[in-house]
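# Coordinates in review
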Amino acid sequence: MNLHVSSRDIGERTLDIVSGMKSLEGPLLPILHEIQAEFGYVPQECLPIIARELNLSRAEVHGVVTFYHDYRDHPAGRHVLKLCRAEACQSMGGDQLAERVKALLGIDFHQTTLDGAVTLEPVYCLGLCSAAPAAMLDGEVHGRLDADTVNDLVAEVRA
Ligand code: FES
């Protein structure tokens, strides 16, 4: 992931990615995925390039970026904490846990703390339903969360 790039670099890299992938069937999602892997988010300046190259309107591309929760429109924090919001986790206290995490961090879903430490995101099933409620911190899954383990996770990202 390259977080220190100018707008010009973003434009050139975006064009490279789109050119290499636009012949795929249904290229938009894989292109957005690749752009997020490259920059850590989907920069606004990529959208007109993608739209032009795929013969789509900018609104169509923007609509897809905002529809899928996996795509970020701003750089993520140093840590990314994903809380499972799907049914099994909700039935095991996921809602209260989410409210606790939001209060501890002082942010809502899709937001990043002001110090850039952590981005909080919802996720819809981590495949850990038997150990609900579950979360993922920087790609590592954590199950059977309770108030104490959530405090530990938050302390870890704040450290
Ligand atoms: S519903 Fe949360 S891990 Fe499956």
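Sequence positions are assigned chain by chain, starting from 1 and proceeding in written order. The predicted nature of this model means local features are confined to residues of pLDDT at least 70 and side-chain atom pairs, given and counted, to a pLDDT of 80 or more, with totals for whole chains, interfaces and linings taken over all residues. Excluded from the side-chain calculation are hydrogens and water; included are all heavy atoms of the structure.

We now examine the pattern of salt bridges. What makes a salt bridge here is a side-chain nitrogen of Lys or Arg within 4 Å of a carboxyl oxygen of Asp or Glu, nothing more. Counted according to the given criterion, the structure contains ten salt bridges. Between glutamate 38 and arginine 13 there is a salt bridge; the shortest N-O distance is 3.3 Å. With glutamate 38 in helix α2 (residues 28–39) and arginine 13 in helix α1 (residues 7–21), the pair connects residues that are 25 residues apart, well separated along the chain. Think of it this way: any DSSP run of H or I at least four residues long counts as a helix, any run of E at least two long counts as a strand, and we number them from the N terminus.

If you check the domain split of the protein chain, you get domain 1 (7–67) and domain 2 (79–158). Each of domain 1 and domain 2 has a C-alpha centre, and the two are 29 Å apart. All domain edges in this entry derive from an automatic or database-based domain assignment.

Right, let's get into empty space enclosed by the protein. The pocket and cavity definitions rest on a 1 Å grid over protein atoms only: a 1.4 Å probe that fits but cannot leave marks a cavity, an open set with protein on both sides within 12 Å along at least five of seven lines marks a pocket, and residues lining either have an atom within 4 Å of a point. Grid points are joined across faces, edges and corners, and a volume is the space filled by probe spheres set on the points. Following the criterion strictly, the structure yields one cavity of 30 Å³ or more and no others. Here the largest cavity defines a volume of roughly 40 Å³. For the largest cavity, the full set of lining residues is Leu83, Cys84, Gly94, Leu97, Ala98, Pro133, Ala134 and Leu145. For the lining of the largest cavity, the secondary-structure elements that each account for two or more residues are β1 (79–84) and α5 (87–105). The dominant element in the lining of the largest cavity, judged by the number of residues it contributes, is α5, at three residues. When residues are sorted by character, Ala, Val, Leu, Ile, Met, Phe, Trp, Tyr, Cys and Pro go into the nonpolar class, Asp, Glu, Lys and Arg into the charged class, and all the rest, Gly among them, into the polar class. Considered class by class, the residues forming the lining of the largest cavity number seven nonpolar, one polar and no charged.

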